[in-house]
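Chain by chain, the residues:
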Amino acid sequence: MTNPYGPYNIYSYFIGTNPPTSINPNPIFPKIKKNAFLSPFTFVVGDVTILDNTYIAPFVSIRADEGTPFYIESDCNLQDGVILHGLKNKYVEVNGKNYSIYLGKRVSCAHGSLIHGPCEIGQDVFIGFKATVYNAFVGAGCFISTDAVVTGGVTLKPNSFVPPGAHIDTQAKANRLVKVPKNEEEFAKEVQRVNQEFPSAYSVLFGKTKCSCGLRY
């Protein structure tokens with residue numbers, strides 16, 4: 001099958017259509033913008049859209065083989081070991097369309113975090129190391145700390161701070177969250193700033209340098 005959208009890094013481990021099943025019978029190839037960067041050993045299948053200047057680190061799994069589609073806005077970063085998956089026939093509605101997972105602009109998913117649909121993540125959200133977001137609506141500017149869990153159909157108000165290890169599974173708990181402390185806000189901005197440089201930098205490293213055999217590396 002011809003892929004009209006890429007991928008442009010031939011060293012990615014696997015990028016392709018979802019396998020046809022009774023749950024998801026139509027194979028769809030991911031749509032990936034040219035200036036997004038997918039690292040080696042990235043796994044992306046199914047109806048996934050990845051927009052401009054998004055960085056996908058090694059060993060990220062974006063698997064739209066059950067819940068679908070996934071939509072990842074521009075300037076996001078999914079760091080090493082991040083997993084995106086979704087439940088069948090469970091959706092969030094964004095701009096009149098249904099999605100299993102929707103990530104807004106400039107979302108940072110730190111190493112080892114799990115994003116499981118149905119969920120919507122607003123812009124400028126930071127999701128910490130090994131944190132889990134499942135069946136939730138996360139407002140813009142929220143900070144979800146290391147090992148925290150956000151689930152239960154809750155809605156986090158914009159700029160909510162989820163402390164390390166917290167389990168936010170009721171709306172009452174979500175409503176009691178404080179605003180993001182200044183130091184954590186600055187940390188999230190710095191993570192975003194650093195990772196915004198990676199798509200172009202890694203594209204040069206992997207896409208424009210050739211070894212003596214003539215292959216790009």
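Every value quoted in this text rests on a predicted model; they were computed, and no experiment measured them.

Scoring rules and cut-offs
- Residues numbered from 1 in each chain as written.
- Predicted model: local features only at pLDDT ≥ 70, side-chain atom pairs only at ≥ 80, totals over all residues.
- Heavy atoms only, no water.
- Helix = DSSP H or I, 4+ residues; strand = E, 2+ residues; numbered from the N terminus.
- Buried < 20%, exposed > 50% of the residue type's maximum accessible area, 1.4 Å probe, protein only.
- Contact = heavy atoms within 4.5 Å.
- Areas by Shrake-Rupley, 256 points an atom, 1.4 Å probe, with all protein chains shown as cover.
- Pairing = 2+ DSSP bridges.
- Core = buried A, V, L, I, M, F, W, Y, C linked by side-chain atoms within 4.5 Å.
- Phe/Tyr/Trp six-rings, centres within 6.5 Å; stacked < 30°, edge-to-face > 60°.
- Expected span 1.5 Å × (residues − 1).
- Arc of directions from axis to C-beta.
- Salt bridge = Lys/Arg side-chain N within 4 Å of Asp/Glu carboxyl O.
- pLDDT = per-residue confidence, 0-100.
- Polar contact = N/O pair within 3.5 Å; in protein donor to acceptor, adjacent residues only side chain to side chain.

(A) Structural view of the overall build of the protein chain. Within the protein chain, the regular secondary structure consists of three helices and 22 strands. In the protein chain, which comprises 217 residues, the proportion classed as buried is 48%. In the protein chain, 30% of the contacts between residues at least 6 apart in sequence involve partners at least 24 apart. Counting every atom, the protein chain has about 10400 Å² of accessible surface; 56% of that belongs to carbon and sulfur.

(B) Molecular detail of the sheet that holds strand β3 (residues 37-38). Taken together, the seven strands give an open sheet; going across it, the order is β3-β6-β9-β14-β16-β18-β21, and neighbouring strands pair in parallel fashion. The strands lining the two open edges of the sheet, one partner per strand, are β3 and β21 (161-162).

(C) Examining the nonpolar core more closely. Counting residues in hydrophobic clusters, the biggest one holds 45 residues, and the most contacted among them are Ile-62, Leu-78, Leu-103 and Leu-156. Excluding anything up to four places from it in sequence, Leu-103 contacts Tyr-71, Ile-72, Glu-73, Cys-76, Leu-78, Leu-84, Cys-109, Ile-115 and Ile-121. Listed in part, the seven residues of the second largest apolar core include Phe-143, Phe-161, Val-180 and Ala-188.

(D) Representation of the packing of aromatic side chains in the model. Evaluation of the coordinates by the stated rule reveals 14 aromatic pairs. Centroid distance Phe-41 to Phe-59: 5.3 Å. Interplanar angle 5°. Geometry classified as stacked. Of this pair, Phe-41 sits in the loop between β3 and β4 (43-46) while Phe-59 sits in the loop between β6 (55-56) and β7 (61-64); the two residues are 18 residues apart in sequence, bridging distant segments of the chain. Given the relative accessible area of 46%, Phe-41 is considered partly exposed.

(E) Representation of helix α2 (residues 182-196) within the structure. Along its 15 residues, α2 runs 21 Å from first to last C-alpha, staying within 8% of the 21 Å computed at 1.5 Å per residue. The complete set of buried residues in α2 reads Ala-188, Val-191, Gln-192 and Asn-195. All buried residues of α2 lie within an arc of 95° about the axis, which places them on one face of the element. Set apart from the buried face of α2 by more than 90 degrees, the exposed residues are Lys-182 and Asn-183.

(F) Seen up close, the pattern of salt bridges. Tallying each qualifying case throughout the model produces eight salt bridges. Arg-106 is the salt-bridge partner of Asp-124, the closest N and O atoms lying 2.6 Å from each other. Of the two residues, Asp-124 is situated in the loop between β15 (114-121) and β16 (126-127) and Arg-106 in the loop between β13 (101-103) and β14 (108-109); the sequence distance between them amounts to 18 residues. Glu-190 serves as the salt-bridge partner of Arg-193, at 2.8 Å between the closest nitrogen and oxygen. Linking Arg-193 with Glu-190, this pair stays in helix α2, spanning three residues, or about one helical turn.

(G) Representation of the confidence of the model for the protein chain within the structure. Overall, the predicted model of the protein chain reaches an average pLDDT of 90, with 89% of residues at or above 70. Low pLDDT, under 50, characterises residues 208-217; the predicted model gives this stretch 18 contacts beyond four residues in sequence or across chains.

(H) Local environment of the side chain of Ser-39. In this fold, Ser-39 is placed in the loop between β3 and β4. Within the structure, Ser-39 has its side chain in polar contact with the backbone oxygen of Ile-56 (distance 2.7 Å).

(I) The arrangement of unusual backbone geometry in detail. A cis amide bond links Thr-68 with the next residue in sequence, Pro-69, at an omega value of 0°. When you line up the elements, Pro-69 lands in the loop between β7 and β8 (70-72). A cis geometry characterises the amide bond from Gly-117 onward to Pro-118, with omega recorded as 15°. Within the secondary structure, Pro-118 is located in strand β15. Positive phi outside glycine occurs at Asn-95, with the angle close to 55°. By secondary structure assignment, the location of Asn-95 is in the loop between β11 (92-94) and β12 (97-99). Phi is positive for Asn-135, close to 55°, though the residue is something other than glycine. If you trace the backbone, Asn-135 turns up in strand β17 (residues 132-138).

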